[in-house]
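So the chains spell out like this:
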Amino acid sequence: NAGVTQTPKFRVLKTGQSMTLLCAQDMNHEYMYWYRQDPGMGLRLIHYSVGEGTTAKGEVPDGYNVSRLKKQNFLLGLESAAPSQTSVYFCATGGAALLVTQYFGPGTRLTVL
Amino acid sequence: DQQVKQNSPSLSVQEGRISILNCDYTNSMFDYFLWYKKYPAEGPTFLISISSIKDKNEDGRFTVFLNKSAKHLSLHIVPSQPGDSAVYFCAASALTSYDKVIFGPGTSLSVIP
């Protein structure tokens, strides 16, 4: 039972490159989230999904796209990476009956040069 | 403007003593509050929560107090242990949007043996 996993763990990109971060969960949770963590800023919500095939914008969605084609996977895409997107990215899940408590993955550290 | 504030970036406490972490919020619609704990290179993990219908919730060494009139909550850890050294995030959610949780910037707690 892996819980919430994120791929990759680390990545270095050059400005303008694209990449996709994968979040996978085996908890059968409906809700999935992407956050970014920056020093002094806490965790800020980028996008989230309330079920398979749905996505919604969070606080800081610009420059990111997401897809939830399967219930267990939530993908975060950067089409043209910028240095301002250097951050640690966390995926989280929440069950419909436990909307508020979230379960986090281990994070992906992304550096954009 | 941050809706959830943790004004102490760091806190040091002797082992065995009480640790008190503070959190203030500005949105009066928030009615559910959580604390998460984060170790380096790991994702945050849920620690304890409190609903606005209560003013105290206890779980072992951890107690959260809520003062709604002051829009203030605090996490007490008694007694503090070296393994409690971590970053603690305060988070809040509103009944009207439980799918979104707003996190504070975090407080780094160091428990000195």
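Preceding block: the structure.
Structure report, in brief. The structure displayed is predicted, hence computed values, not measured ones. (Residues numbered from 1 in each chain as written. Chains lettered and ligands numbered in written order. Predicted model: local features only at pLDDT ≥ 70, side-chain atom pairs only at ≥ 80, totals over all residues. Heavy atoms only, no water.)

1. Overview of the interface of chain A and chain B
The line we're drawing: Should any heavy atoms of two residues lie within 4.5 Å, those residues are considered in contact. When two components associate, each loses some accessible surface as probed by a 1.4 Å sphere; the sum of these losses over both components is called the buried area. Whenever Lys or Arg places a side-chain nitrogen within 4 Å of a carboxyl oxygen from Asp or Glu, that contact is recorded as a salt bridge. In protein, a polar contact means a hydrogen-donor-capable atom and an acceptor-capable atom, both N or O and within 3.5 Å, with residues adjacent in sequence counting only if both atoms are side-chain atoms; elsewhere, any N or O pair within 3.5 Å suffices. All amino acids are sorted into three groups, where Ala, Val, Leu, Ile, Met, Phe, Trp, Tyr, Cys and Pro are nonpolar, Asp, Glu, Lys and Arg are charged, and the leftover types, Gly among them, are polar.
Contacts between chain A and chain B engage 21 residues on the former and 20 residues on the latter. Overall, the association of chain A and chain B removes approximately 1600 Å² of surface from exposure, summing both partners, and the carbon and sulfur fraction of that is 64%. Ranking the residues of chain A by area buried against chain B places L43, V100 and F104 of chain A at the top, with a combined share of 33%. Linking chain A to chain B there are 0 salt bridges. For the interface between chain A and chain B, the tally reads 1 residue pair in polar contact (both at pLDDT 80 or more). Looking at the side of chain A that touches chain B residue by residue, the classes come out as 13 nonpolar, 6 polar and 2 charged.

2. Points about the sheet that holds strand β7 (residues 62–67) of chain B
Residue and element names in this part refer to chain B. Under the convention used in this document: The rule for pairing is simple: two strands pair if DSSP sees at least two bridges between them. Numbering of helices and strands runs from the N terminus, with a helix taken as a DSSP run of H or I at least four residues long and a strand as a DSSP run of E at least two residues long.
A sheet is described by the order of its strands in space; here 5 strands give the open sequence β1-β3-β8-β7-β6, paired in antiparallel fashion. The open sheet has two edge strands with one neighbour each: β1 (4–5) and β6 (56–59). With 2 bridges joining them, β1 and strand β3 (residues 19–25) adopt antiparallel strand pairing. When the bridges of β3 are listed, V4 appears paired with Y25.

3. Comments concerning the pattern of salt bridges
Residues and elements named next belong to chain A. Selection criterion: Remark: exposure states derive from per-residue accessible area (1.4 Å probe, protein chains only) relative to the maximum for the residue type, with buried under 20%, exposed over 50%, and partly exposed in between.
Taken as a whole and judged by the stated rule, the model has 6 salt bridges over all chains. Close ionic contact of R36 with D38 constitutes a salt bridge, the shortest N to O distance being 2.8 Å. As far as burial versus exposure is concerned, R36 and D38 are alike and both buried. Overlapping salt bridges bring together R36, D38 and R44 as one network.

4. Notes on the nonpolar core
How we decide: Remark: nonpolar core denotes a set of buried residues (Ala, Val, Leu, Ile, Met, Phe, Trp, Tyr, Cys) joined through side-chain atoms within 4.5 Å.
Core analysis: the largest hydrophobic core is formed by 25 residues, its most contacted members being F30, F33, W35, L73, L75 and Y88 of chain B. Residue assignment for this core shows that the elements contributing at least two residues are β3, β4 (30–38), β5 (45–51), β7, β8 (72–77), β9 (86–94) and β11 (107–112) of chain B. Considering every element that reaches this core, the biggest residue donor is β9 of chain B, with 5 residues. Counting residues in hydrophobic clusters, the runner-up holds 18 residues, among them M32, V66, L110 and V112 of chain A.

Geometry only, nothing functional implied.
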